[in-house]
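Coordinates in review
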Amino acid sequence: MTLLARWQQLLGIRAGEGRTVGLFFLHNFLLGIGTILVYVSANVILLENHPEQNLPLAYLAAAAAMLVAGQIYRHYEHHLGLQRVAVRVLLASIVLTGVLAALVTWGHSAAAAVAIMTGYRVIYLLTNLEFWGVSAVVFDVRQGRRLFGVISSGDMPAKAMGAVLAILIHHHSDLLWLLLTAFGAYLAALLVLRSTGRAHSVEVREAARATRQQPVAAALQRWFGSSRLVLTMCLSMLAIAAVTTGIEYSFFVNVKHKFHDQAMVMRYVGTVLVAAYLLALLFKLLFSRAATDQVGVRRMLVLLPGVLAAAMLLAARLWFVQADDETLLLYFCGVFVTLEVLRRALFDPLFLTLFQPLSPPERLQAHTLAKGVYEPLGLGLGGLLLLAVHQLPDVSAWAPFVWMSGFVLLAWYFLHRTHAHYLAELQHALSRRFSGTTETASSLRWADMAGSGGSAAPDFNPTDFAPVAPGQLIEALRDKATRPAAAQALLQQGPEAVPALAQVLDSPEADDALVRRVALLCGRLPLPASRQALIALAWQPHLFRREAALRALRSFAPQAAEAPVFEALVQEELQLARHLLTGLTELAPDEPLARSLEYELTRVQQRLFSLLAQLYPPQLIADAQRGVAQAARERQANALEILDNLIPRPVYQALQALLEVAPAPERLRTFERLLTYDEPLAGIVATVARRGEAAFTDWTIAQALQQWQPTAALADAAALLARLGSPSPLVREAALALARRLQQQERGLYQQLLTHQPTLDVLMSHSGPQPRISAAERVALLKHTALFAATPENVLSSIVPIMKEVSFPAGEQIFAKGDLGISLFIVHQGEVGIFSGAQQLATFGPGDFFGELALLDAEPRSASAITQGPVTAFRLDQDDFYDVMEERPEVLRNILRVLCQRLRRQNEKSVAAG
């Protein structure tokens with residue numbers, strides 16, 4: 001790893017982000033040079049002209065000017081767009097710098113000093129709005145947490161350099177050179193901004209979102225918009241700005257009182273500023289991201305007001321013991337440096353990150369509102385109170401601490417409420433725009449079982465089953481014809497049916513399809529007994545059954561008393577994920593088994609989300625799960641941010657490692673750091689072969705069996721016997737091939753296995769004739785059709801048992817136009833022509849499919865299908881396919897995607913023809 005790569009890793013800069021971060025860092029560095037040189041020039045003059053009175057006046061004048069500038073910026077940001085406004089802001093800063101240079105040259109009065117300080121504040125506001133406006137559009141919320149501290153640290157070394165120059169200033173003529181340097185820095189920043197605009201789209205796009213469920217009161221929306229997050233952040237910004245103004249004023253005035261010589265004053269102030277900016281730089285680069293990650297957003301928000309409250313208590317003690325001037329100066333110096341470091345290194349980047357879940361227009365509006373309206377109001381309010389206290393000498397020593405303490409409490413109150421509003425905004429960013437129009441996968445499964453999906457079923461009345469015992473009704477769930485009425489009858493029996501349902505869930509002999517349907521029924525019975533039956537099912541080591549239990553448990557609200565159960569299951573799933581990642585590190589990424597293990601990791605991820613929904617607010621978890629599956633980067637970032645603020649940090653980091661597209665060794669290191677293990681892990685191939693269908697899909701098992709080298713142990717003999725008797729044809733084929741290889745090539749090992757399991761020979765001899773087209777070849781055929789190309793083999797293997805091989809001679813009609821369509825056909829060999837009367841519409845060859853609409857509805861065929869020679873094909877019937885979709889809803893997604901693509905192309909052709 002190169003030195004640059006190590007440095008980027010230390011700072012949290014990921015691949016592809018280096019140039020962007022560099023541009024923003026340089027841009028902020030140049031802006032920092034410009035603003036600090038103007039700041040130094042203003043303070044040199046202001047501290048010479050009665051700062052006790054003129055500093056508050058400067059604060060008031062600056063606040064008024066900033067409010068005007070903020071409104072002007074807001075107007076043009078809305079009408080011109082962010083990119084053009086950013087350029088005009090830098091041009092305005094250059095012009096203002098020239099005006100200040102003229103004031104420095106020809107004006108040395110207190111009014112000129114106040115005007116220069118006002119000019120500095122306006123320049124600082126405009127450049128701040130420009131820089132962070134562009135940053136808020138380019139970066140998402142997760143990047144903001146990692147990178148805002150890095151890119152905002154660019155101005156720290158610049159300000160430290162400016163503070164060093166302040167120490168060296170001895171005459172007013174030197175200030176003109178500082179302002180000329182600032183002029184050049186703003187020009188360079190303009191060039192960097194143009195470069196950033198060429199590398200990134202600095203465009204604000206409105207995204208349609210649902211209406212907020214708890215907006216700001218209508219009377220306040222004119223000032224804060226509809227977001228409660230903006231309301232609390234703006235008011236907290238006002239309070240912190242007022243406190244900052246009081247502390248800065250107290251620091252400067254105490255320095256002026258201590259050192260009457262102007263050179264000494266600037267030397268002391270410059271030294272303190274250098275220390276503050278260098279410390280802030282160090283904290284921003286090395287500790288800002290780590291502190292937020294370790295402490296969390298909730299605690300970081302109240303850190304600044306907490307420290308300020310401690311400072312106010314210390315001030316009260318110093319005033320009570322009547323501390324001398326030296327002690328007071330040291331106190332104010334310490335508070336000033338601490339405030340600058342915390343505000344610039346921790347609070348400002350976090351403050352900007354909190355606005356990221358808002359839509360881009362709201363984000364920019366909120367930032368302009370906070371920085372361009374409420375921070376200046378806090379500055380002006382602080383200046384007004386300082387001016388009032390200055391007129392009352394008897395209370396001027398302690399009164400500032402009283403009103404500053406009040407503002408600290410207000411800041412703590414609003415920031416304490418901000419975290420809940422932040423989570424609400426994250427959820428709002430992920431929520432569906434039309435929440436009432438989408439059915440959940442669970443409701444679709446129930447619709448199929450209750451008879452409202454799939455092909456038409458005979459009309460059964462549930463009352464016909466009313467006197468039937470629950471056990472018989474459960475058996476009736478196996479038959480698709482009687483399943484709807486049996487399900488309704490079981491629901492009507494309610495508590496009486498629960499013991500029989502629980503018995504099925506607890507039975508190891510019950511087949512997976514029946515367990516899945518019974519679990520779904522238990523989820524429809526809101527009873528403590530049915531919930532307990534589902535929790536017991538989730539505890540079973542059979543992971544497919546656990547998935548069925550967790551899906552059904554979505555109908556129940558989380559119970560705090562059962563949290564330890566689900567926390568233990570979370571740890572169990574993380575252990576399995578670690579085992580899978582360990583196996584991936586031993587395989588080449590393009591190996592079939594490696595791809596299968598990646599799919600198994602997605603199943604672990606899905607189960608983790610289902611378990612978390614039993615521990616934390618289910619809607620938040622559901623929104624986060626839906627968000628991480630989105631292709632849009634910003635929605636993924638908002639989803640991860642929800643999880644980061646909701647679940648324990650170790651669990652979040654492990655889940656994030658599963659979600660990241662990163663090499664397996666890198667993800668495994670995260671697990672090794674977070675989890676402890678009692679014993680070494682067995683090889684992944686042996687683990688898959690031994691645990692079998694209880695933990696893995698049949699495609700993964702088949703791939704593992706091809707590589708497995710059993711030992712002579714009893715456990716391996718039992719595993720091989722179990723795989724030979726598997727209900728999955730894919731697993732049986734792979735196990736039979738393995739057994740024959742051992743029988744032929746490793747006779748001694750086979751004999752040892754035979755002593756443990758004598759029935760091995762019996763199973764092999766009764767395996768029967770193998771189909772002409774193997775299960776593995778059928779999976780490959782499905783994978784090579786456009787309809788299933790994007791579906792993993794682990795999912796396609798569940799279709800193999802319902803693929804019916806059919807053969808047709810040349811010229812035979814497979815179906816006629818107007819026939820009721822109930823099947824899809826996939827061509828394996830030969831060609832099939834599609835005709836409408838005498839007109840041939842299309843020809844399908846090996847790997848093509850036709851009749852796909854019949855899988856979704858039983859409507860008359862729109863054309864006839866006739867073979868163009870001998871044809872071998874596979875038929876998928878609608879009833880069987882609905883059973884597969886009940887188990888694997890992923891199958892349906894790709895079919896809908898392909899059908900939508902075909903419909904879109906057809907519409908485009910129609911538009912072109914018209």
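The structure we're discussing is the one just above.
Residues numbered from 1 in each chain as written. Predicted model: local features only at pLDDT ≥ 70, side-chain atom pairs only at ≥ 80, totals over all residues. Heavy atoms only, no water.

Here we come to the overall build of the chain. When helices and strands are counted, the chain shows 38 helices and 8 strands. Within the chain, the fraction of its 914 residues that count as buried is 55%. Taking as baseline every contact in the chain between residues at least 6 positions apart, the subset at least 24 positions apart corresponds to 78%. (Helix = DSSP H or I, 4+ residues; strand = E, 2+ residues; numbered from the N terminus. Buried < 20%, exposed > 50% of the residue type's maximum accessible area, 1.4 Å probe, protein only. Contact = heavy atoms within 4.5 Å.)

Turning our eyes to something else, we now look at the packing of aromatic side chains. A complete count under the given rule lists 11 aromatic pairs for this structure. Where Phe815 meets Phe850, the ring centres are 6.0 Å apart and the plane angle is 45°; that geometry is what we call tilted. With a gap of 35 residues between them, Phe815 in strand β2 (residues 813–815) and Phe850 in strand β6 (residues 849–850) connect regions that are remote in the sequence. The pair Phe815 / Phe850 is uniform in exposure class, with both members buried. An aromatic cluster is defined as three or more aromatic residues linked by ring pairs; in this entry it consists of Phe815, Phe825, Phe844 and Phe850. One residue, Arg603, lies across the ring of Phe544, its end atom 4.2 Å from the ring centre. For the cation-ring pair, Arg861 lies above Phe815, with the distance from its terminal atom to the ring centre recorded as 4.0 Å. (Phe/Tyr/Trp six-rings, centres within 6.5 Å; stacked < 30°, edge-to-face > 60°. Lys NZ or Arg CZ within 6 Å of the ring centre and 35° of its normal.)

Per the stated rule, a full pass over the model turns up 27 salt bridges. A salt bridge links Arg517 to Asp883; its shortest N-O distance comes to 3.8 Å. Taken together, the residues Arg517 in helix α20 (residues 512–523) and Asp883 in helix α37 (residues 878–887) connect sequence positions 366 residues apart. The class of Arg517 is buried, set by a relative accessible area of 6%. Residue Glu746 pairs with Arg741 through a salt bridge whose shortest N-O separation is 3.7 Å. The exposure class assigned to Glu746 is partly exposed, which follows from its relative accessible area of 25%. On the basis of relative accessibility, which here comes to 23%, the residue Arg741 falls in the partly exposed class. One network of salt bridges, with partners in common, ties together Arg546, Glu547, Glu572, Glu573, Glu600, Arg603 and Arg607. (Salt bridge = Lys/Arg side-chain N within 4 Å of Asp/Glu carboxyl O.)

What follows concerns the sheet that holds β2. With respect to topology, 4 strands assemble into an open sheet ordered β2-β7-β4-β5, the strand pairing being antiparallel. The open sheet is flanked by β2 and β5 (839–844), the only strands paired with a single partner. Strand-to-strand twist in this sheet, taken as the mean axis angle between neighbours without regard to direction, amounts to 30°. (Pairing = 2+ DSSP bridges. Axes fitted to C-alpha atoms, helices over the stretch in contact; angles between N-to-C directions.)

Our next topic: the packing of helix α10 (residues 228–258) against helix α13 (residues 325–354). It is the contact of α10 with α13, at a shortest axis distance of 9 Å, that shows an interaxial angle of 155°. For the element pair α10 / α13, the angle class is roughly antiparallel. The hand of the α10/α13 crossing is left-handed. Between α10 and α13, the contacting residues are Leu229, Met233, Met237, Ile240, Thr244, Ile247, Glu248, Ser250, Phe251, Asn254, Val255 and Lys258 on the first element and Glu326, Leu328, Leu329, Phe332, Cys333, Val335, Phe336, Leu339, Arg343, Phe347, Phe351 and Leu354 on the second. (Parallel < 35°, antiparallel > 145°, perpendicular 65-115°, else oblique. Left-handed = near helix turned anticlockwise from the far one by under 90°.)

Here we take up the environment of Pro499. Inspection of the secondary structure assignment puts Pro499 in helix α19 (residues 498–506). Pro499 sits 29 residues away from Pro470 along the chain, and the two C-alpha atoms are 8.9 Å apart.

Let's shift gears to the environment of Ala563. Within the element layout of this structure, Ala563 appears in helix α23 (residues 563–585). Classification of Ala563 as buried rests on a relative accessible area of 16%. Residues Ala563 and Gln614, 51 residues apart in the sequence, show an inter-C-alpha distance of 7.5 Å.

Before going further, it helps to spend a moment on the nonpolar core. Core analysis: the largest hydrophobic core is formed by 251 residues, its most contacted members being Phe788 and Ile799. If you tally residues by element for this core, the top one is α13, at 17 residues. With 14 residues, the next largest nonpolar core counts Phe808, Ile814, Phe825 and Val827 among its residues. (Core = buried A, V, L, I, M, F, W, Y, C linked by side-chain atoms within 4.5 Å.)

This part takes up the pairing of strand β4 (residues 832–836). The element β4 is extensively covered by neighbouring structure, given that 4 of its 5 residues are classed as buried. As paired strands, β4 and β5 are joined by 5 bridges and run antiparallel to one another. Residue pairing for β5: Val832 is matched across the bridge by Phe844. Linking β4 to β5, which pair antiparallel, is a turn of 2 residues; within it Gly837 sits at a positive phi near 70°. Both β4 and strand β7 (residues 864–867) contribute to a ladder of 4 bridges, which runs antiparallel. The residue of β7 that forms the bridge with Gly833 is Ile866.

To continue, consider the sheet that holds strand β8 (residues 871–877). An order of β1-β8-β3-β6 is seen for the 4 strands of this open sheet, with the pairing classed as antiparallel. Two strands bound the open sheet, and with one partner strand each, they are β1 (804–808) and β6. Of the strand pairs in this sheet, β1 and β8 are connected by 5 bridges, and their pairing is antiparallel. Bridged to Lys804 within β8 is Arg875. Strands in contact with helix α35 (residues 775–783) are β1, β3 (823–829) and β8; relative to β3, the strand with the most contacts, it is inclined by about 105°.

Bringing the side chain of His579 into the picture now. Structurally, the position occupied by His579 is in helix α23. What makes His579 buried here is its relative accessible area of 11%. If sequence neighbours within four positions are ignored, His579 has contacts with Leu681, Ala682, Gly683, Ile684 and Thr687.

Bringing the environment of Thr232 into the picture now. For Thr232, the location among the structural elements is in helix α10. On the basis of relative accessibility, which here comes to 4%, the residue Thr232 falls in the buried class. Along the sequence, Thr232 and Phe414 sit 182 residues apart, while their C-alpha atoms lie 5.2 Å from each other. If sequence neighbours within four positions are ignored, Thr232 has contacts with Phe414, Arg417, Thr418 and His421. In terms of polar contacts, Thr232 uses its side chain to reach the backbone carbonyl oxygen of Leu229, at 3.1 Å. (Polar contact = N/O pair within 3.5 Å; in protein donor to acceptor, adjacent residues only side chain to side chain.)

A few words on helix α32 (residues 729–745). If you check α32, its first and last C-alpha atoms are 24 Å apart, about what 17 residues at 1.5 Å a residue would give, namely 24 Å. For α32, the complete set of buried residues consists of Leu730, Val731, Glu733, Ala734, Ala735, Leu736, Leu738, Ala739 and Leu742. (Expected span 1.5 Å × (residues − 1).)

Bringing α19 into the picture now. Taken together, the buried positions of α19 are Val498, Ala500, Leu501, Val504 and Leu505. An end-on view of α19 places all buried positions within 165° of arc, on one side of the element. Across from the buried face of α19, at angles greater than 90 degrees, the exposed residues are Pro499, Gln503 and Asp506. (Arc of directions from axis to C-beta.)

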